[in-house]
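Residue-level structural notes
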Amino acid sequence: MSKEDTIKIIKKVREEGRKVLTEYESKKILSVYGIPITREKLAKDLDESIKFAEEIGYPVVLKIVSPDITHKTDLGGVKIGIKSQKELEEAYTDLMRIKDRVKDANIHGVLVQEMLRKGNEVILGMTQDPQFGPVIMFGLGGVFVEVLKDVSFKIPPLTRRDAEDMIKEIKAYPILEGARGGVVSDMNALIDCILKLSELSLDLEEELKEMDINPLFAMEKGAAAVDSLILLR
Amino acid sequence: MLDKFFYPKSITVIGASNKPYKVGKIIIDNLTMSYPGKIYPVNPNEDEINDLKAYKTVLDIPDTVDLAIIVIPNIAVPKIIEECGKKGVKFCIIISSGFKETGVEGAKLEREIAEIAKKYRIRLLGPNCFGVINTDNNLNTTFSPIMPIVGNIAVFSQSGALCSTLLDWAYKERIGFSKFISLGNKVDLNENDFLEYFVNDKQTNIVLGYLEGITDGETFIKEAKRLTKNKALVLIKSGSTSAGARAASSHTGTLAGTEEAYTTAFKKCGAIRAKSIDDWLDIARVFSNQPLPKGDKIAIITNAGGPGIIAADSCEELGISLSDLSSTTIEKLRKKLPSSASIYNPIDVLGDADPSRYSFTLKTVLNDDNVYGCIVILTPQAMSRPFETAREIIKVSETINKPILACFMGGILVESGIKYLEENGVPNYLDPKKATISMASLIKQYYNTLRKEENPIVFEDINKEQVKEILSKNDALSLDFIDCMKILEAYNIPIAKYGISKTADGCIKIANNINYPVALKIVSSDISHKTELGGVRLNVKNDEEVVAVYNEIMTCVKKYNPNAVVNGICVQEMIKTSDKKEVIIGVNKDPQFGHLIMFGMGGIYVEILKDVSFRLSPLTRSDAYDMIHEIKMYPLLRGVRGEKPVDIDKIANVLMRVSSLVSDFKNIVEMDINPLICLEDSCKVVDARITIKR
């Protein structure tokens, strides 16, 4: 895929009268810019899900893909740690029940995704400031961002040094260094992700309103976007 | 007790001199100039000093002596104190230096004079001090060339240089003092004696203090609390940051340094802490001139947008609310002010505001019941008449009993207005932020006056004897896991079920009694951070896993420290459920203030984010709840993203029980409950460490 493809994805979303990209679409755009994403495939039905799960290898994660459902987790639209075909079948049935709760939800399918273990969850985001244009945000995921608002911001374009500063600026930084026997995160991979997001934000400045990669898994070697959400202007 | 100290009938100056520029000369000059009581100079080489008969020794004075001022070389001081004792002198002020501040020899000399004084029941001020001033009876025992004007501010300071600075500043600013004390080395009389005195001193309404250390923390809190109920106590405390950086083995030890202890103590007793000399003086001035607001809501009146916003921002930072004006007030303002004026707080009376517009607005706003005080900002504009506006402000201030702080900003153009304001008791600030800091201090003191005494909870369902027994049979300073758990149980603090065994079979038996899954932990007083070296394994699910994990732990430990004494492996109940939260409760004994109790979220939050709160023991019920609410992670305990909340009452109960335990056993110097696992309807201690001092 190339940068033109991102425009195509966005165009198609707009044609459908949408402003919100699904996880699958969002991550396609990320991968065009070289931000690594989880190995994943969009399955149309149960049989395809089983096939993809075998290709990817258990354990897998199953996620509902629908432009009408932005808070998947809250609705029970994410099933993690699926270890066998039997568990997959159960999870699939569960996911399909969401239709009862969200009437007329347009379901694109089910995303079968590799299950990453051993990593720190970070969040990488972008919002548009009326004065300064795109602003990049970095923080540790979960409660750190939600309760403590322990995040750092910078305005792109960013240098490697900027990206490194952003990472080190947060209070929870020692966790990324592997505090208390935790995982030591791959600093270069994180810096690369920030720089690529910076490039993406500037290229698509006219199109994007805000976006999140949450979580971005920062592993000992490499990083991968596990979930992402892009909102158009 | 200090009546004769501040109001002596007769004074002697030992070391009084006729030689110009000598301290003994300046002091006798100061005294003879204004002090109306009897003065007896002592100097073996003079017959007469300042027209007064000089005596060879204090014993030769044909009268009783209440107060002796000693200005002689350090080495001669012990002999002089001895003579004062024989003479029956009640108080001595030792101006002379060359004591503790100079080193070991000086410290020895200082101890010597303290002992002599004690023998004769003489109370000492100093040594190495600047003296005392009482404006009520014109007593000035200092070598300051300035006699302050009469006022309601009392000062004690551990720095003599700050005393002379403050006297000079106050004289220029026309700020008056009641009593002025230079504490010096505090060999006997210290801040606590003076706090106690100021509680009932009719001349004093505000107490300023500069402290480098506190002599007795417990008394300090008691006396300061009594004082702040009616009078403001504004303190500068310096030199407490690096002292706190001592090596400690527990989390609480590293986090609960001296600085935290002071901060917590000041909070507890209602002292206002000034962050700089500038703040100290600003706050002193506002208390000496302005009444207390009766609440935390104020109005801001300004003739320019910018400074108004700066003041509003600073109010928010300091926890001051901007009053919602009543509809009557708004209606009145709307009628009189130009249509483009902003009539919502901050009230912008516009750049062309003249004195009468200021006066009308200030009066209207202060008459609103939702407004407890006002900051009036004036920037010099073409139509501003700062002097006349100042006059109007003073007129209003004389009729309404609410604090008014002015913020006339600029230089030459506002100078005359500022001078008029300050001469008439309305303090002016060139920076709106400073005005808000002063206002916040007034508000804080108002809430001090409302403070109700709350007693710590006394628990009946505790077993003191059991703890006493465990502590007395212990040789180690750091108690082992079992003793820690037994102590907690004795105070009815809930703990996770556990058992200890030295064999894998024994562990299996315990695990089956508790029910799987269980956690396995090494028990050894030689190993303090169990987790990092693999001494803790969670979620052990069956007999086979117990055996495997048992062996792994033993291997890890041997590798880490082959000489570690292993008391066994603890098999402990695993608290299952995803909605559990880990918190930490710690205790560290501060040398000044006693047990400092710490609360925070466990694990990574306490270690990396240092998100903890402190209170001094004994905890009241409100202390316990406030500590829990204060941490940034509090929302996590209330449940975020659909998680269930944990039982806050149960946590507060554990905090109060811990406080009760350490109050009963003062030899506990450090304690960590880490973690306390909290659930929706209960909480349980999973691990604890206690360190005692013989």
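Before reading further, recall that the structure is shown in the block above.
I will try to describe carefully the structure that is included in this document. All values derive from a computational prediction rather than experimental measurement.

**A look at the packing of aromatic side chains**
All names here are of chain B. By the definition in use, this model includes 16 aromatic pairs over all chains. Between the aromatic rings of F5 and F194, the centroid separation amounts to 5.9 Å while the plane-to-plane angle is 50°, which identifies the pairing as tilted. Of this pair, F5 sits in helix α1 (residues 3-6) while F194 sits in helix α6 (residues 191-199); the two residues are 189 residues apart in sequence, bridging distant segments of the chain. For F194, a relative accessible area of 0% translates into the label buried. When the centroid spacing of 5.0 Å and the interplanar angle of 85° are considered together, the rings of Y262 and F593 count as edge-to-face. Here Y262, found in helix α9 (residues 258-269), pairs with F593, found in the loop between β24 (581-590) and β25 (594-601); they are 331 residues apart in sequence, far enough to count as distant. For the residue pair Y262 and F593, the accessibility class agrees, reading buried in each case.

**Structural notes on the packing of helix α13 (residues 355-366) of chain B against helix α14 (residues 386-399) of chain B**
All names here are of chain B. Put simply, α13 and α14 touch, their axes get as near as 8 Å, and they point 25° apart. Classed by the angle they form, the pair α13 and α14 counts as roughly parallel. As α13 runs across α14, the sense of the crossing is right-handed. Here P355, Y358, S359, L362, K363 and L366 of α13 come into contact with α14, specifically with E388, T389, E392, I393 and V396. Residue composition of the contact of α13 with α14, by class: 6 nonpolar, 2 polar and 3 charged.

**Considerations on the sheet that holds strand β1 (residues 10-14) of chain B**
All names here are of chain B. One open sheet holds the 5 strands; their spatial order is β2-β1-β5-β6-β7, and the pairing between them is parallel. Strand pairing shows two members of the sheet lacking a second neighbour, β2 (38-42) and β7 (123-125), which therefore form its edges. This sheet shows a mean twist of 20° between the axes of neighbouring strands, independent of strand direction. Note: strand β6 (residues 91-94) against β7, 3 bridges, orientation parallel. Counterpart to I93 in the pairing with β7 is L125.

**Brief notes about the interface of chain A and chain B**
Between chain A and chain B, the residue contacts involve 13 residues of the former and 14 residues of the latter. Summing the contributions of chain A and of chain B, the shared interface buries around 1,300 Å²; its carbon and sulfur component is 70%. Considering only the surface of chain A that becomes buried against chain B, A:V147, A:L148 and A:R180 emerge as the three largest contributors, covering 46% of it. At the junction of chain A with chain B, the criterion picks out 0 salt bridges. Linking chain A with chain B are 0 residue pairs in polar contact (both at pLDDT 80 or more). When residues in the side of chain A that touches chain B are grouped by element, the largest group, 3 residues, is from helix α6 (residues 143-146) of chain A. Here the residues of the side of chain A that touches chain B are counted per class, giving 8 nonpolar, no polar and 5 charged.

Scoring rules and cut-offs
- Residues numbered from 1 in each chain as written.
- Chains lettered and ligands numbered in written order.
- Predicted model: local features only at pLDDT ≥ 70, side-chain atom pairs only at ≥ 80, totals over all residues.
- Heavy atoms only, no water.
- Phe/Tyr/Trp six-rings, centres within 6.5 Å; stacked < 30°, edge-to-face > 60°.
- Helix = DSSP H or I, 4+ residues; strand = E, 2+ residues; numbered from the N terminus.
- Buried < 20%, exposed > 50% of the residue type's maximum accessible area, 1.4 Å probe, protein only.
- Axes fitted to C-alpha atoms, helices over the stretch in contact; angles between N-to-C directions.
- Parallel < 35°, antiparallel > 145°, perpendicular 65-115°, else oblique.
- Left-handed = near helix turned anticlockwise from the far one by under 90°.
- Contact = heavy atoms within 4.5 Å.
- Nonpolar A, V, L, I, M, F, W, Y, C, P; charged D, E, K, R; others polar.
- Pairing = 2+ DSSP bridges.
- Buried area = accessible area lost by both parts, 1.4 Å probe.
- Salt bridge = Lys/Arg side-chain N within 4 Å of Asp/Glu carboxyl O.
- Polar contact = N/O pair within 3.5 Å; in protein donor to acceptor, adjacent residues only side chain to side chain.

In short, geometric facts, not functional conclusions.
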